[in-house]
Amino acid sequence: MYRGYLLAVLLFACQASAWAGSPHDTVETAGSSGERAVRTDPVVDLIRSKLVEPSLRSTANPADVAALQAFYSSRAAPLWITDMGLSARAQSALFEIERANDWGLDAAAFELPPWGALPASLDEEAVAEIKLDLAILKYARFARGGRLNPSELSGLFDQTPPLRDPGAVLMEIASAKAPDAYLQSLHPKHDQFVRLRHALLKMRDEAGAKSTDINRLIINMERWRWMPEELGPLYVWSNTPEFMLYVVKDGKTIFADKTQVGTADDPTPVFSADMTTIVFNPEWIAPSSVLLKSLLPRLRKQNYSILTKYAFSVSYQGNPVNPTKVDWTRVNIRDFTFTQKPGPKSNLGKVKFLLPNRHDVLLHDTFAARRKVFQQSTRAIGYGCVRMENPQHFAEVLLSEDKGWSATEVSELWEHSVNSPVSLDRKIPVHLTYFTAVVDDTGKVTSFADLYGLDKKLATAVFSNTTAPAQSAPTMKKQPQEASTLPAANPAKGEIVTATWYGNEFRGSRTASGEIFNPDGLTAAHRSLPFGTCLEVGNPRTRKSVIVRVNDRGPFTEGMILDLAAGAARAIGMRSTQKVSMKHC
């Protein structure tokens, strides 16, 4: 009430000043040729000089300063300041920035001039003008996702926030009828961003709301700022922590499907790319991650059974080679091509959906043994690509929208084609995302576990703390356990197996104690236990253990070699190869 009263008085005073004439009025003078010249306001001269001062340039964003220099070089009068202080338009912008918290930003991050102060000098007027300018440009940058660099937060985020050019921001807000409305317009228009914001405002008004829940909403709003401004009239949205994929047309979901995503060792990255081609009954060329983590360790031990089991053919520079004749300890496996032909053993299943990207990630079907994973709530099991439960229906939806094809036409390719590509007439945007909170059309918030620990990293960057706002990472079938004390090995209670740490083959691995192991990082021929069996693997010397689960490659048998990821090996104090105990949980 008090601020509103002062504002009314100030606006009246400003208007009265305008009636009587103001020192900031632009004055035209006649030149010697009779042409009228515009005299620059002395405050603008001061602004120009201050914009080149080292003290300002060392603290302000360089692009913002450059934009302000260009803006005021062609301007004769201040934009925001009058001899009576900030104009009404300036105060509308200032008050909107003060409400930054309502948009998931931090109002304290913006240095603003005092809204009701009367400047004592022209110098103070210039300082106030620059402060508001810099606050506006910073707000515009933060509203568009420029609060931090996603790729510096984690290499998984391959995203470039859609920042606005600061020069354009200045020109647009200068001509805007309502500067506050203009600032609001800079925030994302995505439906989920709008819903998350409404949930944030509602939660802040609720008694007993948890700060971690509030922070989770803010973190996910921030991730929406990194998304493309336009998702597309028809697009695919795969949300990794949710283990779900959607096809959205004109804002409405027309298809939904369960997915399997990458493990913590080989996480699914976050990026947007255009789907260009659908290939039915495709062949598969194993990517580098598979070569290094699954094939090379076995080949170096002269174990070639995996090549036979999964029907791999090997070539070098396009020419077939006999893998048993290659010294895999001396060559670079990346120079070789490992191809899996179409068929029931194909890792890609019956179809793959190509979206060219630098991560070699694609969407695809899966083989029979892995289909049972779709029955689980947690489905982090692959090498980073996205596997789908109903890829045939997915193909039907896309080809119906793109080409007007019938389900029968798609079925014909599904059943009878071999490595048959179908090029899309229109590229379909695909967005692989990492949102740990979504809001439905009733306003209900659903949260998902922080599969790769990225919420904690973002919380540290945004809130300057290390409190993780989201749920901890899930496991397959059972919650993870930390390294725990394990009694000395007792052959009557558990088997003794030889465990091997891959060492350099797992350099950079992010696996930690208790996380789900990469199923392709375990030895082949595990056939005696059913899928999903829980095993406790421990080191009798350190008396520590971790939990392992049998994967689709098959279970373990007594006396087998068990290959652990580096992080898991360190968790139980294991070095290189040694005997460890293994028992059922």
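Before reading on, note that the structure itself is shown above.
### Concerning the nonpolar core
Reasoning step 1: Membership of the largest hydrophobic core comes to 66 residues, with the highest contact counts inside it found for Tyr-72, Phe-110, Ile-136, Tyr-139, Leu-183 and Trp-224.
Reasoning step 2: Every residue in contact with Leu-183, bar those within four places of it in the chain, is listed here: Ala-93, Glu-96, Ile-97, Ile-136, Tyr-139 and Ile-173.
Reasoning step 3: Residues Val-351, Phe-394, Ala-395 and Val-397 belong to the second largest nonpolar core, which totals 30 residues.

### Thoughts on helix H15 (residues 391–403)
Quick reminder: α-helices carry 3.6 residues per turn. Residues three or four places apart thus point the same way.
Reasoning step 1: Its 13 residues place the ends of H15 17 Å apart at the C-alpha level, agreeing with the 18 Å of an ideal helix rising 1.5 Å per residue.
Reasoning step 2: Residues of H15 that are buried include every one of Pro-391, Phe-394, Ala-395, Glu-396, Val-397, Leu-398, Leu-399 and Asp-402, and no others.
Reasoning step 3: Of the residues one or two after H15, Gly-404 is the one with positive phi, at around 75°.

### Notes on helix H8 (residues 166–175)
Reasoning step 1: Among all positions of H8, only Pro-166, Val-169, Leu-170 and Ile-173 are buried. Looking straight down H8, one finds that the buried residues subtend no more than 100° of arc, so they occupy a single side. Turned more than 90 degrees off the buried face of H8, the exposed positions are Met-171 and Ser-175.
Reasoning step 2: Summarising the contacts, the buried residues of H8 are in contact with helix H4 (62–73), helix H5 (88–98), helix H6 (122–143) and helix H9 (179–185).
Reasoning step 3: With a side-chain oxygen positioned 3.0 Å from the backbone nitrogen of Gly-167, the residue opening H8 is Asp-165.

### Some thoughts on the packing of aromatic side chains
Aromatic ring pairs are defined here through the distance separating the ring centres and the angle between the ring planes.
Reasoning step 1: Tallied over the entire structure, the rule returns 17 aromatic pairs.
Reasoning step 2: A ring pair is formed by Trp-237 and Phe-435, whose centres lie 6.3 Å apart and whose planes are at 80°; its orientation type is edge-to-face. You can see Trp-237 sitting in strand S5 (residues 234–239) and its partner Phe-435 sitting in the loop between strand S17 (420–433) and strand S18 (437–439), a full 198 residues away along the chain.
Reasoning step 3: Centre to centre, the rings of Tyr-434 and Tyr-452 are 5.7 Å apart; their planes meet at 25°, and the pair counts as stacked. Here the residue Tyr-434 occupies a position in the loop between S17 and S18, and Tyr-452 occupies one in the loop between strand S19 (445–447) and helix H17 (454–463), the gap between them amounting to 18 residues.
Reasoning step 4: Here Tyr-434 falls in the buried class, since its relative accessible area comes to 2%.
Reasoning step 5: For Tyr-452, a relative accessible area of 14% gives the class buried.
Reasoning step 6: Of the aromatic side chains, those joined through ring pairs into one cluster are Trp-284, Phe-312, Tyr-316, Trp-328, Phe-336 and Phe-338.
Reasoning step 7: Note that Arg-197 overlies the ring of Trp-103, its terminal NZ or CZ placed 3.6 Å from the centroid.

### Structural notes on unusual backbone geometry
Reasoning step 1: Residues other than glycine seldom take positive phi values, yet Phe-243 does so here, at roughly 55°.
Reasoning step 2: Looking at the element boundaries, Phe-243 is found in the loop between S5 and strand S6 (244–249).
Reasoning step 3: In this structure Phe-243 comes out as buried when scored by relative accessible area, which is 5%.

### Considerations on the packing of helix H2 (residues 42–50) against H6
Reasoning step 1: Two numbers describe how H2 lies on H6: the axes approach to 9 Å, and their chain directions differ by 60°. Classified by the angle between their axes, H2 and H6 sit oblique to one another. For the pair H2 and H6, the sense of crossing is right-handed. Within the contact between the two elements, H2 uses Pro-42, Val-43, Leu-46, Ile-47 and Lys-50 and H6 uses Leu-122, Asp-123, Glu-125, Ala-126, Val-127, Glu-129 and Ile-130.

### Re the packing of H6 against H8
Reasoning step 1: Between H6 and H8, the shortest axis-to-axis distance is 10 Å and the interhelical angle comes to 115°. Between H6 and H8, the crossing angle belongs to the class labelled roughly perpendicular. Regarding H6 and H8, the two cross each other, and that crossing is right-handed. Counted together, Asp-133, Ile-136, Leu-137 and Ala-140 of H6 and Pro-166, Val-169, Leu-170 and Ile-173 of H8 form the full contact between these two elements.
Reasoning step 2: Residue composition of the contact of H6 with H8, by class: seven nonpolar, no polar and one charged.

Definitions and limits used
Residues numbered from 1 in each chain as written. Predicted model: local features only at pLDDT ≥ 70, side-chain atom pairs only at ≥ 80, totals over all residues. Heavy atoms only, no water. Core = buried A, V, L, I, M, F, W, Y, C linked by side-chain atoms within 4.5 Å. Buried < 20%, exposed > 50% of the residue type's maximum accessible area, 1.4 Å probe, protein only. Contact = heavy atoms within 4.5 Å. Helix = DSSP H or I, 4+ residues; strand = E, 2+ residues; numbered from the N terminus. Expected span 1.5 Å × (residues − 1). Arc of directions from axis to C-beta. Polar contact = N/O pair within 3.5 Å; in protein donor to acceptor, adjacent residues only side chain to side chain. Phe/Tyr/Trp six-rings, centres within 6.5 Å; stacked < 30°, edge-to-face > 60°. Lys NZ or Arg CZ within 6 Å of the ring centre and 35° of its normal. Axes fitted to C-alpha atoms, helices over the stretch in contact; angles between N-to-C directions. Parallel < 35°, antiparallel > 145°, perpendicular 65-115°, else oblique. Left-handed = near helix turned anticlockwise from the far one by under 90°. Nonpolar A, V, L, I, M, F, W, Y, C, P; charged D, E, K, R; others polar.

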